[in-house]
Amino acid sequence: MLNYAWTPAVILIAVTLDVAFGEPPNRWHPVAWMGSLISWWNRVWDSRFANVKKAAGRADHRCGEFLCGCGIVVVGAVLCGMSGCVVQANANEGLGVLIQAMVLKCCFGFRSLQDAARSVATELLDKNLFKAREQLAFHLVSRDVSELSAAEVSAATIESVAENTSDSVIAPLLFFVVAGLPGALIYRFVNTCDAMLGYRTERLEWLGKPAARLDDVLNVLPARITALLMVTASVGHGDRVRAWKTWRSDARATASPNAGQPMSAAAGSLGVCLEKRSHYRIGSQFPPPAAPDIERMITLYQRTIVLAVTLTCLSGYLIHWCTGLGNQP
């Protein structure tokens, strides 16, 4: 059972560990283990059913791919949830709090995201567009970046930081407060599934659809909380008003029901236009971003995280206080 008395301590230690040490090696990283499990299952499906798919035809085999995708999500989520329950049940005080914090720390990437964004900004400031594209593709996006201009590279970096503020930090913290380590680990598994399988390609569309749809559902609340926190974290009153108005007008500009929420709030706060060719244009009334705007986005990101950590710690303490009152005779 989740002990809310230790929730603030676990969150603060987890954030401190992340800021101080960054990501652990893959061999000790639970998210890397999740990725390996997903990749293994994907390879098994391809090798075992490739001939069947070829003989049956694409349309006739969509049901099998969809059911396999459901199996990956369900089995992986159950395994992650059970692992979280085991850790949480045997780690309540003292050293156990540190163990919980170490596991929670692996569910989010506060430092790694800002470091990745800075690596792109550094190359842009050095006028090395080729290297900036390389850093963007390696750390932040999966799309083709070979034809992006400097402004488009800046925009893609800001978009990625804004979206991942929700996916990689706010959502895991929220699910930890609500459902402890099992909740944070299940969320991280579903999100990793979506990142690896949730593409509309011929091979992955139906296999990745269950993860993509479940990820959309799980991120409905975190994405909107993130946007609201970004509006609040905007530096001046004018920036807050601009962020609020852009969020309300452009949040639905993206195909994803959630990605546009923090992206539009960030675009308004920074006063920049975030555009992806043939897909969306957020904050069209603003100029395109440049390399210095990436650092401004990182500052907004940091302020948003400080607000989120403060609120989640207070929420954990408040829940503990309320449940304590309820348990009194």
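Residues numbered from 1 in each chain as written. Predicted model: local features only at pLDDT ≥ 70, side-chain atom pairs only at ≥ 80, totals over all residues. Heavy atoms only, no water.

Asker: Describe the layout of surface pockets, with residues and values.
Answerer: Taken as a whole, the second largest pocket encloses approximately 580 Å³ of empty space. Around the second largest pocket sit 23 residues that line it, and Trp28, Pro30, Trp33, Val103 and Cys106 are the ones nearest its centre. When contributions to the lining of the second largest pocket are tallied by element, the ones reaching two or more residues are α1 (7-21), α2 (30-56), α3 (62-89), α4 (95-105) and α7 (150-197). Among the elements that take part in the lining of the second largest pocket, α3 stands out by supplying six residues, more than any other. Classifying every residue of the lining of the second largest pocket gives 17 nonpolar, four polar and two charged. (1 Å grid on protein atoms, 1.4 Å probe; cavity = no way out; pocket = protein on both sides within 12 Å on 5 of 7 lines; lining within 4 Å. Points joined across faces, edges and corners; volume = space filled by probe spheres on them. Helix = DSSP H or I, 4+ residues; strand = E, 2+ residues; numbered from the N terminus. Nonpolar A, V, L, I, M, F, W, Y, C, P; charged D, E, K, R; others polar.)

Asker: Any chance you could break down the packing of aromatic side chains for me, citing the residues and the numbers?
Answerer: Where two aromatic rings form a pair, the distance of their centres and the angle of their planes describe that pair. Considering all chains together, one arrives at four aromatic pairs under this definition. Geometrically, the ring pair formed by phenylalanine 66 and tryptophan 206 is edge-to-face, given 6.5 Å between the ring centres and 70° between the ring planes. Here phenylalanine 66 is found in helix α3, whereas its partner tryptophan 206 is found in helix α8 (residues 205-218), with 140 residues between them in sequence. Using a relative accessible area of 24% as the deciding quantity, one classes tryptophan 206 as partly exposed. Taking the ring centre of phenylalanine 108 as reference, the NZ or CZ of lysine 105 above it sits at 6.0 Å. Of note, lysine 209 hangs over the ring of tryptophan 206, and the distance from its end group to the ring centre comes to 4.9 Å. (Phe/Tyr/Trp six-rings, centres within 6.5 Å; stacked < 30°, edge-to-face > 60°. Buried < 20%, exposed > 50% of the residue type's maximum accessible area, 1.4 Å probe, protein only. Lys NZ or Arg CZ within 6 Å of the ring centre and 35° of its normal.)

Asker: Describe the nonpolar core, and please don't skip the residues or the numbers.
Answerer: By size, the foremost hydrophobic cluster in this structure holds 80 residues, and its most contacted members are Ile11, Leu104, Val120, Leu136, Ile294, Met297 and Tyr301. Looking at which element gives the most residues to this core, the answer is α7, with 18 residues. Residues within four places of isoleucine 294 in sequence aside, it is in contact with Ala117, Val120, Ala121, Leu124, Ser154, Thr157 and Ile158. (Core = buried A, V, L, I, M, F, W, Y, C linked by side-chain atoms within 4.5 Å. Contact = heavy atoms within 4.5 Å.)

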